[in-house]
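Structural features, examined
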Amino acid sequence: MTQDELKQLVAREAIKYVVEDAIVGVGSGSTADFFIDELAKIKNRIAGAVASSEKTAARLKGYGIRVLELNSVDELPVYIDGADEITQHLHMIKGGGGALTREKIVAAVAKKFVCIADESKLVPVLGEFALPVEVIPMARSYCARQMVKLGGNPRLREGFTTDNGTVIIDVSGLKILNPPELEAKINNIPGVVTNGLFALRGADVLLLGTASGVKKMGSE
């Protein structure tokens, strides 16, 4: 099976976690796009969606799915999103597409976080994928120097501005043995909005697309 076919497989499986007549949180990226395509088929059975990026909002609206602002939503039963890397402990690196802050906020509100990914995303240790760190533009150089102190090799994502008007530093060379600790440490650096480690609030369920079908990890 191709990578896209595996993504489609988990996107279809994720529909089972969508709560009828409720609002669903929707992530960003290629795997989330496949989920949106599937969600469109049952759009009359949901109350609407909260999008984690402007791009996701546009795709949802394109299908005629009602998009709500998070501030107008009291509760969110489930958030469905992909990952750039994920471990068996369901700690993730996200933010390859640059929507990490909004993704993290929507995930924090959701009662359940379902991660959908193809098997190439499952890794023993996080860090092969460069860790995105979203920063206030005036703090860019300072934050990059702090990343060097943590053993990373920071690089500004050239020509990219987030939906929040901030910039992203991609940090390679990190071998992340304690994701929750590093997530908190980086978030405490002045000028950092947030970083792409999703460990303090990881996924509750992982739907992993494999050649032999969808493998489920985590607690239902």
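The present account deals with the structure reproduced in this document. (Residues numbered from 1 in each chain as written. Predicted model: local features only at pLDDT ≥ 70, side-chain atom pairs only at ≥ 80, totals over all residues. Heavy atoms only, no water.)

**Focus: the packing of helix H1 (residues 3-14) against helix H2 (residues 30-39)**
Angle between the axes and distance between the axes: these two values describe a pair of packed helices. Put simply, the rule is: For helices, the fitted line uses only the C-alpha atoms of the stretch in contact; every axis is such a line through C-alpha atoms, and the angle between N-to-C directions lies from 0 to 180 degrees. Put simply, DSSP marks the helices as runs of H or I at least four residues long and the strands as runs of E at least two long, and each gets a number from the N terminus on. Every angle not falling under 35 degrees, over 145, or within 65 to 115 is termed oblique; those three ranges are roughly parallel, roughly antiparallel and roughly perpendicular. Handedness of a crossing is defined here by the sense of rotation of the near helix relative to the far one, left-handed for an anticlockwise turn of less than a right angle and right-handed for a clockwise turn. Should any heavy atoms of two residues lie within 4.5 Å, those residues are considered in contact. When residues are grouped by polarity, Ala, Val, Leu, Ile, Met, Phe, Trp, Tyr, Cys and Pro land in nonpolar, Asp, Glu, Lys and Arg in charged, and all others, Gly among them, in polar.
H2 packs onto H1 with a crossing angle of 50° between their chain directions and a minimal axis gap of 8 Å. What the angle tells us is that H1 and H2 run oblique. As H1 runs across H2, the sense of the crossing is right-handed. Touching Asp4, Lys7, Gln8, Val10, Ala11, Arg12 and Ala14 of H1 are Ser30, Thr31, Phe34, Phe35 and Glu38, all from H2. Residue composition of the contact of H1 with H2, grouped by class: 5 nonpolar, 3 polar and 4 charged.

**Structural notes on a nonpolar patch on the surface**
Formally: Here, patches come from residues exposed beyond 30% relative accessible area and free of salt bridges, joined within 9 Å for like charges and within 5 Å for nonpolar side chains (Val, Leu, Ile, Met, Phe, Trp, Tyr). Note on areas: these come from Shrake-Rupley sampling with a 1.4 Å probe, and a residue is covered only by the protein chains present in the view. Salt bridges are defined by distance alone: a side-chain nitrogen of Lys or Arg within 4 Å of a carboxyl oxygen of Asp or Glu.
On the surface, a nonpolar cluster with roughly 310 Å² of combined accessible area is contributed by Ile136, Met138 and Val193. Along the chain, Ile136 falls in the loop between strand E7 (131-135) and helix H5 (140-149).

**A word on the sheet that holds E7**
Let me state the cut-off plainly: Following DSSP output, two strands are said to pair if at least two bridges run between them.
Here we have 4 strands laid out as an open sheet, ordered E8-E9-E7-E10, and antiparallel in their pairing. At either end of the open sheet lies a strand with only one pairing partner, and these are strand E8 (153-156) and strand E10 (192-195). The sheet shows a mean angle of 25° between the axes of neighbouring strands, direction not considered. Inspection of the sheet shows E7 paired to strand E9 (residues 167-172) by 5 bridges, in the antiparallel sense. Within E9, the position partnered with Val133 by the bridge is Ile169. Relative to E10, helix H4 (residues 100-109) is tilted by about 70°, and along the sheet it contacts E7, E9 and E10.

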